[in-house]
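# Structure at a glance
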Amino acid sequence: MTAKPRKPWRVILDHHDETEHTSEAKAFDHVRTALRSGADTARVMQWEGGRWWHFETVHADEIRAAQAGNEGGAP
């Protein structure tokens, strides 16, 4: 079995720019920031059971839709 990496969360932006993170929260902060700044797609990977697993794919339009929903006064 391969040793667990020090940063078990990975974000891949637009299929080429890869960044590793120490926690899920930090990974998704990076996703939100990157998708607001012009990236189109972020794929989140998690190290588990000796390999990288696809955790979630987030698209920029999902971030824009969430922002638009929050502008209506929702907490």
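Let me begin by describing the structure that accompanies this report.

### With respect to the pairing of strand β1 (residues 9-13)
Along β1, 5 of the 5 residues are buried, which leaves the element largely enclosed by surrounding structure. Side chains Trp9, Val11 and Leu13 project from β1 onto one buried face, and the interleaved Arg10 and Ile12 project onto a second face that is buried too. As judged from the 5 bridges shared by β1 and strand β2 (residues 17-21), these two strands associate in the antiparallel manner. Each residue of the ladder has a partner; that of Leu13, found in β2, is Asp17. Between β1 and β2, which pair antiparallel and follow one another directly, the connecting turn spans 3 residues, one of which, Asp14, has a positive phi of 45°.

### Quick word on the pattern of salt bridges
In this structure the tally under the stated criterion is 3 salt bridges. Glu20 serves as the salt-bridge partner of Arg10, at 3.2 Å between the closest nitrogen and oxygen. You can see Arg10 sitting in strand β1 and its partner Glu20 sitting in strand β2, a full 10 residues away along the chain. A residue is classified by how much of its surface remains accessible, and Arg10, at 15% relative accessible area, is buried. One connected set of salt bridges, linked through shared partners, spans Arg10, Glu18 and Glu20.

### As for a negative patch on the surface
On the surface, a cluster of negative charge is contributed by Glu24, Glu56, Asp61 and Glu62. In this structure, Glu56 sits in strand β4 (residues 51-59).

### Remarks on the side chain of Arg10
A polar contact is formed between the side chain of Arg10 and the side chain of Glu18, at a distance of 3.1 Å. Here the side chain of Arg10 touches Glu20 through a polar contact of 3.2 Å, side chain to side chain. If near-sequence neighbours (up to four positions away) are discounted, Arg10 is found in contact with Glu18, Thr19, Glu20, Arg43, Val44, Met45 and Trp52.

### Thoughts on the packing of helix α1 (residues 24-36) against helix α2 (residues 60-70)
Across the interface, α1 lies against α2 with an axial gap of 9 Å and an inter-helix angle of 95°. Looking at the two axes, α1 sits roughly perpendicular to α2. In this structure, α1 contributes Arg32, Leu35 and Arg36 to the contact, and α2 contributes Ala60, Ile63 and Gln67. A breakdown of the residues in the contact of α1 with α2 according to their chemical character gives 3 nonpolar, 1 polar and 2 charged.

What counts, and at which threshold
- Every chain begins its residue count from 1, and numbering advances along the sequence as written.
- The predicted nature of this model means local features are confined to residues of pLDDT at least 70 and side-chain atom pairs, given and counted, to a pLDDT of 80 or more, with totals for whole chains, interfaces and linings taken over all residues.
- Think of the side-chain values as coming from all heavy atoms in the structure, minus any hydrogens and water.
- With a 1.4 Å probe rolled over the protein chains alone, any residue whose accessible area is under 20% of its type maximum counts as buried; one over 50% counts as exposed, and the rest are partly exposed.
- For helices the rule is a DSSP run of H or I covering at least 4 residues; for strands it is a run of E covering at least 2, with both sets numbered from the N terminus onward.
- Here, strands pair whenever DSSP counts at least two bridges between them.
- For salt bridges, the criterion is a side-chain nitrogen of Lys or Arg within 4 Å of an Asp or Glu carboxyl oxygen.
- Patches in this entry comprise residues that are over 30% relatively accessible and not in a salt bridge; like charges within 9 Å are linked, as are nonpolar side chains (Val, Leu, Ile, Met, Phe, Trp, Tyr) within 5 Å.
- Using a 1.4 Å probe, the Shrake-Rupley method yields the accessible areas, and only the shown protein chains count as cover for residues.
- By the counting rule applied here, Lys and Arg register as positive and Asp and Glu as negative, while His and the ends of each chain are not counted.
- Here the site of a charge means atom NZ of a Lys, CZ of an Arg, CG of an Asp or CD of a Glu.
- As used in this structure description, the phrase polar contact means that two N or O atoms lie within 3.5 Å; if the pair is within protein, one of them must be able to donate a hydrogen and the other to accept it, and residues adjacent in sequence are counted only when both atoms belong to side chains.
- By the convention used here, residues are in contact when the closest approach between their heavy atoms is within 4.5 Å.
- All axes are obtained by fitting lines to C-alpha atoms, using only the stretch in contact for helices, and the reported angles, taken between N-to-C directions, cover 0 to 180 degrees.
- If an angle is under 35 degrees, it is roughly parallel; if it is over 145, roughly antiparallel; if it lies from 65 to 115, roughly perpendicular; otherwise it is oblique.
- In this count, Pro and Cys sit with the nonpolar residues alongside Ala, Val, Leu, Ile, Met, Phe, Trp and Tyr, while Asp, Glu, Lys and Arg are called charged and the others, Gly among them, polar.

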